[in-house]
Amino acid sequence: MSGRGIKRRVLVTGGAGFIGCNLVRLILTERPDWEVVNLDLLTYAGNLTSLADVEDHPRYRFIRGDVAEPVDVAKAMEGCWGVLHLAAESHVDRSILDPGPFLRTNIIGTRVMLDAARQCGVERFVQVSTDEVYGSLQPEDPAFTEMNRLLPNSPYSASKAGADLLVRAYYKTFELPVVITRCSNNFGPYQFPEKLLPLLIRNALADKEIPVYGDGLQVRDWIFVEDHCRALVEVLEKGRTGETYNIGGNCEMRNLDIIRKVLEELGKPESLITFVKDRPGHDRRYAMDNGRIELELGWTPAHTFAEALPKTVQWYLDNLEWVQSVVTGGYLEYYQRQYAGRHSG
Ligand code: NAD
Ligand code: TYD
């Protein structure tokens, strides 16, 4: 990295994942006086091909390492002004098959990150969390605010809630300058095809069945990934220390409605929809109240679902090679384990 004219060095963990790669690219483009260090273990979910266009960028450095390993973290955090901590095991279904890696990366990893941040004198530490820590809403409930209790229902969301509580404790006990963000379901380019949207696009293109859990009437709030990334940069710069900010897309949708829209975009028949056994502990509804971040930081989502969904579908059509390159043997084994014998009949 150059060092000349640089005001800030920022560490992004999990930068080779879905949200991380979009965030690294956004920072390099929109903050010309920032340097970015990307610490990523390159698990099945991390892919350097997602950052191929910036790998030689003079203000970017990649370090392969584990957030749960103090030596790796100390090396990456050296000289950093701020941290955006995204690295995590992120897929609910995998956490049901095996919670172990979720506890190690999401909880122990966050502890290692927090200790290193104290050691390095980091000035801003943003913990990138999820609406799933709040649990599930009934249809008539108001959207989640930051005052909602943490009531996680999956090993994934429990591990994220555990991490959030540790982050809070480091603020209260050690006065570490932290901020927590909780975002809803992201969609956009470079999402690993185990998550609903890219899985559905990939299966539909191959005329393969689309597995719909339970009745498909679960509701999620959807946000275009670029809007989330922009909110993270705003929070890093201007968020109040010790505060939590919800980040939502103002877009509640039922799974079946999204699936139908994507099939329509692709010109594929609804007969591909296949109802399968429900996910255990499946949260029925998430919805986000953006009041605090709108009022304090002036952030609102810039993209509508109606405009960003076709753009996203087109991105996958234009980048089938990327999809092929990230779907390795390991993923194909997971797919078999997750969906074989799940038909509800
Ligand atoms: P992702 O699974 O696509 O990427 C995770 C990245 O973390 C990968 O590059 C992986 O290699 C890396 N990683 C995993 N374990 C690691 C370890 N031990 N050390 C270093 N790197 C490691 O996840 P994502 O969807 O980009 O999510 C990023 C963050 O945002 C997560 O913390 C997730 O909880 C949070 N989040 C995601 C969503 C969403 O809709 N995807 C919504 C809200 C919050
Ligand atoms: P997912 O993308 O896994 O995100 P999350 O569980 O974090 O919300 O799933 C989004 C919704 O789609 C969720 O209600 C589960 C459902 N779903 C299916 O019905 N079939 C699938 O094959 C997958 C992956 C998800």
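Not measured: the values here are computed from a predicted model.

A. Seen up close, unusual backbone geometry. With a phi angle near 55°, E175 is a residue other than glycine that sits in the positive phi range. Counting through the fold element by element, E175 comes out in the loop between α5 (155-174) and β6 (178-183). Judged by relative accessible area, which is 68%, E175 ranks as exposed.

B. View of the packing of helix α2 (residues 70-77) against helix α4 (residues 100-120). Axis separation between α2 and α4 bottoms out at 10 Å; the angle between their running directions is 45°. In terms of orientation, α2 lies oblique with respect to α4. Crossing angle aside, the handedness with which α2 passes α4 is right-handed. Two secondary-structure elements touch here, α2 through P70, V73 and M77 and α4 through V112, M113, A116, A117 and C120.

C. Expanded view of the environment of I108. Along the polypeptide, I108 turns up in helix α4. Expressed as a C-alpha distance, the spacing of I108 and E264, which sit 156 residues apart in the sequence, is 43 Å. Those residues in contact with I108, other than ones at most four positions away along the chain, are A68 and L103.

D. View of the layout of surface pockets. Taken as a whole, the largest pocket spans an internal volume of roughly 340 Å³. Together, 16 residues line the largest pocket, and E146, R168, R182, G242 and T244 are the ones closest to its centre. When residues of the lining of the largest pocket are traced back to their parent elements, those giving at least two are α5 and β6. Of the residues assigned to the lining of the largest pocket, the class counts are six nonpolar, three polar and seven charged.

E. View of the site of ligand 1. In the vicinity of ligand 1 lie 28 residues, with I19, D40, S90, Y156 and K160 positioned nearest. Between an oxygen atom of ligand 1 and a main-chain N or O atom of G17, the distance comes to 2.9 Å. The backbone of I19 places a nitrogen or oxygen atom 2.8 Å from an oxygen atom of ligand 1. Look at ligand 1: alone it shows 840 Å² of surface, and the protein chains cover 96% of it. Listing elements by their share of the shell around ligand 1, those giving two or more residues are α1 (18-30), β5 (124-130), α5 and β7 (185-187). Split into classes, the residues belonging to the shell around ligand 1 amount to 13 nonpolar, 12 polar and three charged.

F. A look at the sheet that holds strand β11 (residues 252-254). Ordered in space as β7-β9-β11, the three strands form an open sheet in which the pairing is mixed. The open sheet has two edge strands with one neighbour each: β7 and β11. Averaged over all adjacent pairs, the angle separating strand axes in this sheet is 50°, with direction ignored. With three bridges connecting them, strand β9 (residues 219-224) and β11 associate as antiparallel partners. The residue of β11 that forms the bridge with R220 is M253.

What counts and how
Every chain is numbered independently, its residues counted from 1 as its sequence is written. Chains carry letters from A onward and ligands carry numbers from 1 onward, assigned in written order. Local features are withheld for residues below a pLDDT of 70 in this predicted model, meaning they are given only at 70 or higher, and side-chain atom pairs are given and counted only at 80 or more; totals for whole chains, interfaces and linings count all residues. Calculated side-chain values reflect all of the structure's heavy atoms, with hydrogen atoms and water omitted. Per the convention used, a helix needs a DSSP run of H or I reaching at least four residues, while a strand needs a run of E reaching at least two, with both numbered from the N terminus. Accessibility here uses a 1.4 Å probe with only protein chains present; expressed as a share of the type maximum, an area under 20% marks a residue as buried, one over 50% as exposed, and anything in between as partly exposed. Angular values range over 0 to 180 degrees, each being the angle between N-to-C directions of two axes fitted as lines to C-alpha atoms, with helices fitted over their stretch in contact. For classification, angles of less than 35 degrees are called roughly parallel, those exceeding 145 degrees roughly antiparallel, those between 65 and 115 degrees roughly perpendicular, and all remaining angles oblique. Here a crossing is called left-handed whenever its near helix is offset anticlockwise from the far helix by less than a right angle, and right-handed whenever the offset is clockwise. Note on contacts: a residue pair qualifies if any of its non-hydrogen atoms lie within 4.5 Å across the two residues. Two kinds of site are reported from a 1 Å grid over the protein atoms alone, namely cavities, where a 1.4 Å probe fits but cannot get out, and pockets, open sets with protein on both sides within 12 Å along at least five of seven lines, and residues are called lining when an atom falls within 4 Å of a point. Grid points are joined across faces, edges and corners, and a volume is the space filled by probe spheres set on the points. Under this grouping Gly is polar, as are all residues other than the nonpolar Ala, Val, Leu, Ile, Met, Phe, Trp, Tyr, Cys and Pro and the charged Asp, Glu, Lys and Arg. The criterion for a residue being near a molecule or strand is simple. One of its heavy atoms has to lie within 4 Å of it. In protein, a polar contact means a hydrogen-donor-capable atom and an acceptor-capable atom, both N or O and within 3.5 Å, with residues adjacent in sequence counting only if both atoms are side-chain atoms; elsewhere, any N or O pair within 3.5 Å suffices. For the area figures, the Shrake-Rupley method with a 1.4 Å probe applies, and any residue is considered shielded solely by the protein chains shown. Two strands qualify as a pair provided DSSP detects at least 2 bridges between them.

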